[in-house]
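A look at the structure
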Amino acid sequence: FPVEVWSALKGHQESYVMAVVSYQGRQVQARAVSGSVGYNGDQSVQASGSVVLSGPGPVSLVPRVATDMLAPFGQEVALFRVVRVRSREWSIPLGTFPITKASGFREWKRGSAVLSWEAQVTFSDRLLSLDRDDFLSVDGPQPGATVWGEVARLSSIPLQRPLDDAPVPLATVYDSRI
């Protein structure tokens with residue numbers, strides 16, 4: 001930690017949790033008013049939790065259709081602990097999580113104008129998608145396939161390629177959970 005952050009953590013400070021909700025290139029900030037995140041390194045899904053998010057009007061994030069920001073259809077929430085000492089702030093990332101459920105919707109209105117809103121979102125880490133997915137097909141790799149080519153074909157998450165590619169051995173057969 002920088003010296004300023006360490007002294008802030010030891011001394012007087014204010015802190016809160018901020019959320020950045022993202023979906024299809026759009027991002028919206030919201031305040032986390034309550035909730036928790038649990039981490040368990042012994043499980044295949046290592047982080048999960050729920051938070052109640054709130055924000056001011058006139059725009060409400062309360063989901064009504066699958067493409068709304070807090071709907072559980074590919075939308076993600078990134079959580080940050082923000083520590084403030086006097087006029088300086090530091091954001092400490094807690095993780096980015098796919099939203100798995102949204103509930104507890106409330107909106108406060110004056111007429112048809114939204115004054116503020118609140119919603120609870122439940123989430124798990126990105127490993128949940130791997131745990132839920134199965135192979136799209138049970139056939140083995142095509143002749144001439146490479147390892148990275150097969151991993152990309154069978155994976156539902158974006159990949160980085162830090163290692164060199166190699167041919168898939170001809171006798172490779174997949175065991176599916178189907």
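Structure report, in brief.

Thresholds, definitions, all that
- Residues numbered from 1 in each chain as written.
- Predicted model: local features only at pLDDT ≥ 70, side-chain atom pairs only at ≥ 80, totals over all residues.
- Heavy atoms only, no water.
- Helix = DSSP H or I, 4+ residues; strand = E, 2+ residues; numbered from the N terminus.
- Buried < 20%, exposed > 50% of the residue type's maximum accessible area, 1.4 Å probe, protein only.
- Contact = heavy atoms within 4.5 Å.
- Areas by Shrake-Rupley, 256 points an atom, 1.4 Å probe, with all protein chains shown as cover.
- Phe/Tyr/Trp six-rings, centres within 6.5 Å; stacked < 30°, edge-to-face > 60°.
- Lys NZ or Arg CZ within 6 Å of the ring centre and 35° of its normal.
- Core = buried A, V, L, I, M, F, W, Y, C linked by side-chain atoms within 4.5 Å.
- Pairing = 2+ DSSP bridges.
- Axes fitted to C-alpha atoms, helices over the stretch in contact; angles between N-to-C directions.
- Arc of directions from axis to C-beta.
- Polar contact = N/O pair within 3.5 Å; in protein donor to acceptor, adjacent residues only side chain to side chain.
- Patch = residues over 30% accessible without salt bridge, like charges linked within 9 Å, V, L, I, M, F, W, Y side chains within 5 Å.
- Salt bridge = Lys/Arg side-chain N within 4 Å of Asp/Glu carboxyl O.

1. Things to note about the overall build of the protein chain
Within the protein chain, the regular secondary structure consists of three helices and six strands. Listing every helix and strand of the protein chain by position from the N terminus yields α-β-β-β-β-β-β-α-α. Per-residue burial over the protein chain gives 31% buried out of 178 residues. Taking the contacts inside the protein chain whose residues are at least 6 apart along the sequence as the reference set, 55% of them involve residues at least 24 apart. Accessible surface, the protein chain: about 11,600 Å² in total, of which carbon and sulfur atoms supply 54%.

2. Description of the packing of aromatic side chains
For the structure shown, the criterion picks out one aromatic pair. In this structure, Arg 31 packs its charged tip against the face of Tyr 16, placed 3.9 Å from the ring centre.

3. Overview of the nonpolar core
Within the largest apolar cluster, 22 residues are counted, with the highest numbers of intra-cluster contacts made by Leu 53, Leu 70, Val 77, Leu 79 and Trp 117. At the level of elements, strand S1 (14–23), strand S2 (26–39), strand S3 (47–56), strand S4 (76–85), strand S5 (88–110) and strand S6 (113–124) are the ones that each hand at least two residues to this core. Beyond its immediate stretch of four places on either side in the chain, Leu 53 contacts Ala 19, Val 21, Ala 30, Arg 31, Ala 32, Leu 70, Val 77, Trp 117, Glu 118, Ala 119 and Val 121. With five residues, the next largest nonpolar core counts Tyr 16, Val 20, Ala 78 and Val 82 among its residues.

4. Remarks on the sheet that holds S5
An order of S1-S2-S3-S6-S5-S4 is seen for the six strands of this closed barrel, with the pairing classed as antiparallel. Ignoring strand direction, the axes of neighbouring strands in this sheet form an average angle of 45°. When S2 meets S3, the two strands line up antiparallel, connected through eight bridges. Considered in S3, the bridge of Ala 32 is made with Leu 53.

5. Considerations on helix H3 (residues 147–154)
Quick reminder: α-helices carry 3.6 residues per turn. Residues three or four places apart thus point the same way. The complete set of buried residues in H3 reads Trp 148, Glu 150 and Leu 154. In a view along the axis of H3, the buried residues occupy a sector of 160°, so they form one face of it.

6. Points about the side chain of Gln 75
Within the fold, Gln 75 resides in the loop between S3 and S4. Using a relative accessible area of 0% as the deciding quantity, one classes Gln 75 as buried. Of note is the side chain of Gln 75, whose polar atom sits 2.6 Å from the backbone oxygen of Asp 68. Only 2.8 Å separates the side chain of Gln 75 from the backbone nitrogen of Phe 73, close enough to count as a polar contact. In this structure, Gln 75 is in contact with Ser 22, Tyr 23, Ala 66, Thr 67, Asp 68, Met 69, Phe 97, Pro 98 and Ile 99, ignoring residues within four places of it in sequence.

7. Considerations on a nonpolar patch on the surface
Where nonpolar side chains cluster on the molecular surface, the patch consists of Val 147, Val 151 and Leu 159 and spans about 190 Å² of accessible area. Relative to the assigned elements, Val 151 resides in helix H3.

8. A closer look at the pattern of salt bridges
Counted under the stated rule, the structure contains five salt bridges. Where Glu 14 meets Arg 84, a salt bridge forms, and the shortest distance between an N and an O atom there is 3.7 Å. Here Glu 14 is found in strand S1, whereas its partner Arg 84 is found in strand S4, with 70 residues between them in sequence. Of the charged contacts in the structure, one is a salt bridge between Glu 118 and Arg 106, with a shortest N-O distance of 3.9 Å. Of this pair, Glu 118 sits in strand S6 while Arg 106 sits in strand S5, and the two are 12 residues apart along the sequence. Of the residues examined, Arg 106 reaches a relative accessible area of 44% and is grouped as partly exposed. Linked through salt bridges whose partners overlap, the residues forming this network are Glu 14, Arg 84 and Glu 89.

9. Observations regarding the environment of Ala 102
Mapped onto the secondary structure, Ala 102 falls in strand S5. With relative accessibility at 18%, the residue Ala 102 sits in the buried group. For Ala 102 and Phe 123, which are 21 residues apart along the polypeptide, the C-alpha to C-alpha distance reads 9.0 Å. Setting aside residues no more than four positions away along its own chain, Ala 102 makes contact with Pro 63, Leu 70, Gln 120 and Val 121.

Function cannot be read off these values alone, since they describe shape.
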